[in-house]
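Summary of structural features
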Amino acid sequence: MDALHSLFTVGFATALTFSNLLWALIGCTLGTAIGVLPGIGPAATVALLLPITSRIDPTGALIMLAGVYYGAMFGGSTTSILLNTPGEAGSIVSALEGNKMARAGRGGPALSTAAIGSFLAGTVATVLLTLLAPIVADLALKLGPAENFAIMVLAFVAVSAVVGDVPQKGFVSLFIGLAIGMIGIEEQSGQARFTMGVLELTDGIDIVVIAMGLFAVGETLYTATYENRIVSRIEGIGKSIWMTKEDWRRSWKPWLRGTLIGFPFGTIPAGGTEMPTFLSYSAEKKLAEYPEEFGKGAIEGVAGPEAANNAAVTGTLVPLLTLGIPTSATAAIMLSAFQQYNITPGPLLFDTNPELVWGLIASLYIGNVMLLILNLPLVGIWIQLLRIPRPLLYGGIVVLATMGAYSLRQSWFDLLLLYIVGLMGFAMKRFDIPIVPLIVGLILGPMAEKHFRRAMTISQGDATVFLTRPLSLSILSLAALLLVGPPLLRSWRKMRRPQQA
Amino acid sequence: MTQWPGRHQAYLAIGVIILGLIMAFQITHMSAGAGYARVGPQFFPSLIAAGLVISGGALLLKSTRSLGHADPADLQGDEDVPAVPDAEWRGFILVSGTLIAHMALIGLIGFTLAAWLLCYGVCRALDTQHRVRDLFLSLGLALALFHLFRLLGVALPSIIPGVL
């Protein structure tokens, strides 16, 4: 058990230093707060923290950012249960049953089963990450540039075809992201691309501007235009925060099932937490002892999806740490945090930066405990955050966004870019175009180009290299299958339906 | 025929196609520099430009399916066209206006005053019920952030150094 050895000797030794514990606590607290607040998600927060973290050491910074990522998932459930407006995508399902429970005076047990389920799922998933990551990293060492490029193509296709209501929109989003990623000086040739002669664009558009523009400015424009009149009501916790014996009996199986559904979904590029939470919800509905309670506040409908949600978040760290492939928007921005320190996540990371990787993984165990304490006994503090008036909340979010963009170069030009990206985010939200493919394309695009050119250089310009290497061929075939499979299946079903009717 | 429900989405799709064409046009004007193993700096962007045109075209096709369904009642449950919420453009214009004023003014009047204006502008755009309270709270927020980030060592423009 090399993995366990490294975890305990290197990992916990790094994570248990005073400063790293402090970073983990700051990250978890901040993450919970922004998870609770509607309107700003983990991806935007991690992006906003990038300029500040560039001053601290990479291990501490990444431990903090991971805490934010985790904490937002814990905090998001509080909002969806008590306010019925999910703070982030993974909590949509929890609102279905959780808010009903809160209305029936059982908000406390709903929060409990969400927090304990998240803790359990997070911990089990971290164990799986500990055992799995070194094995995947070993395998990944054998991949050449052709295979790496093929994996990125698979990530592009999967993220665009799966997330959102129609694949066309996913691909529009992906290609816009890829196009934005091309802006600036191209590394190999020094050629400026798509800068339109604007000097400020030669460095490319910073991820902070993109993330803040899409998530913060776009979101505010959308709320001001379409959601001004929505009034929401905060539910109370009810009699007690704790679960009854009956609640425990009904929760533990959904927790475990949710974990098992969530983790694998996080590791594949299917766009994060939406799919596994919905799957877990429908699984619990089918298996429920009291199916008539679903829709009226069934505790299983909170326990399962919340566990799935957290397990998926941990799952995204497997491809991120071992292959350098992000499978969600937040993971993509975490990747650019690594890049900020000139650290390339990937198979070599376990050899070159063992303190960082194992310290990060060990901090996840610690962060889970911190979050359980922050979210259960201290839940009252977070409920107060729900009382912040919405106009002020959005005002604050926009101020933070402009501050993040302006502090990059002290230039109003970045504020202009921020507004333009914000308009784009507004339009995307208005037309239900998913944002995740754009972020993944933006971050992975330049890397994909690099691997593509490296593969072409090795093969001396022979493009068939991607098809003659068996592994690269099978990955690309899988991507093609994802692309043409679902539409074919749909038209086949349509053809059969009239005959049946 | 001008009121078909998919038209907004179709305009967007046309915009995406135009974006792809603009990219393609710019690629033809790039100097063919260090082309290496047949892959120059133009190659990858060309793929992306093609992707924009194709995905925009696919979305356009999807949107035009609602052509001929002029009556929205025909479209109950049509997943091709998302329902259009009622827009309040007053909010949109106010947020946009304060953001543009903010970027024009931040260099002149410093972070705190510009952020005060911005925060209060957003509050008004979101139709706050407590105009006076939010005016003061916006100022408090801007001041607090200015001093917090000054302590963290993030340089922000100021009109009176170290104070505002």
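Residues numbered from 1 in each chain as written. Chains lettered and ligands numbered in written order. Predicted model: local features only at pLDDT ≥ 70, side-chain atom pairs only at ≥ 80, totals over all residues. Heavy atoms only, no water.

**Observations concerning the confidence of the model for chain B**
- Mean pLDDT over chain B stands at 83; residues scoring 70 or higher make up 81%.
- For residues 70–79 of chain B, every residue scores under 50 in pLDDT, and the model assigns this stretch 5 contacts once sequence neighbours within four places are set aside. (pLDDT = per-residue confidence, 0-100. Contact = heavy atoms within 4.5 Å.)

**Structural notes on the interface of chain B and chain A**
- Counting residues at the interface gives 69 residues for chain B, matched by 64 residues for chain A.
- Regarding the contact of chain B and chain A, the summed buried area is about 5800 Å², with carbon and sulfur atoms giving 76% of it.
- Per-residue buried area on chain B facing chain A is highest for B:Phe44, B:Met103 and B:Leu126; these three make up 13% of the total on that side.
- Applying the counting rule to chain B against chain A returns 0 salt bridges.
- The tally of links between chain B and chain A comes to 3 residue pairs in polar contact (both at pLDDT 80 or more).
- The set of elements that each furnish at least two residues to the side of chain B that touches chain A consists of α1 (7–28), α2 (43–64), α3 (89–125) and α4 (131–151) of chain B.
- For the side of chain B that touches chain A, the class distribution of residues is 47 nonpolar, 15 polar and 7 charged. (Buried area = accessible area lost by both parts, 1.4 Å probe. Salt bridge = Lys/Arg side-chain N within 4 Å of Asp/Glu carboxyl O. Polar contact = N/O pair within 3.5 Å; in protein donor to acceptor, adjacent residues only side chain to side chain. Helix = DSSP H or I, 4+ residues; strand = E, 2+ residues; numbered from the N terminus. Nonpolar A, V, L, I, M, F, W, Y, C, P; charged D, E, K, R; others polar.)

**Points about helix α2 (residues 18–36) of chain A**
- An ideal rise of 1.5 Å per residue puts 27 Å on 19 residues; α2(A) measures up with 27 Å between its terminal C-alpha atoms.
- The inward-facing, buried residues of α2(A) abut α1 (2–15), α3 (42–53), α4 (58–83), α16 (354–375) and α17 (379–385) of chain A. (Expected span 1.5 Å × (residues − 1).)

**Describing the nonpolar core**
- Judged by nonpolar contacts, the single largest core of 198 residues is most densely connected at A:Ile210, A:Ile333, A:Phe338, A:Ile439, A:Phe466 and B:Phe111.
- A per-element tally of this core places α4(A) first, with 15 residues.
- A domain-level breakdown of this core finds at least three residues from each of domain 1 (7–75) and domain 2 (89–151) of chain B.
- Residues in contact with A:Ile210, not counting those within four places in the same chain, are A:Ile180, A:Ile205, A:Val421, A:Leu438, A:Ile439 and A:Leu442. (Core = buried A, V, L, I, M, F, W, Y, C linked by side-chain atoms within 4.5 Å. Buried < 20%, exposed > 50% of the residue type's maximum accessible area, 1.4 Å probe, protein only. Domains from an automatic or database assignment.)

**Quick look at the environment of A:His5**
- The residue A:His5 is located in helix α1 in this model.
- Residues A:His5 and A:Leu416, spaced 411 residues apart in sequence, show a C-alpha to C-alpha distance of 51 Å.

**Looking at α2(B)**
- Between its terminal C-alpha atoms α2(B) stretches 32 Å, which fits the 32 Å expected from 22 residues at 1.5 Å a residue.
- Residues of α2(B) that are buried sit in contact with α7 (145–162), α8 (167–182), β2 (192–193) and α20 (436–458) of chain A together with α1 of chain B.

**Regarding the packing of aromatic side chains**
- This model, assessed by the stated rule, comprises 20 aromatic pairs over all chains.
- Ring centres of A:Phe149 and B:Phe44 lie 6.4 Å apart, and the angle between their planes is 70°; this geometry places the pair in the edge-to-face category. Here A:Phe149, found in helix α7, pairs with B:Phe44, found in helix α2, and the two come from separate chains.
- A residue is classified by how much of its surface remains accessible, and A:Phe149, at 10% relative accessible area, is buried.
- Since its relative accessible area comes to 6%, B:Phe44 is described here as buried.
- Between the aromatic rings of A:Trp248 and A:Trp255, the centroid separation amounts to 5.6 Å while the plane-to-plane angle is 90°, which identifies the pairing as edge-to-face.
- Classification of A:Trp255 by relative accessible area gives buried; the value is 3%. (Phe/Tyr/Trp six-rings, centres within 6.5 Å; stacked < 30°, edge-to-face > 60°.)

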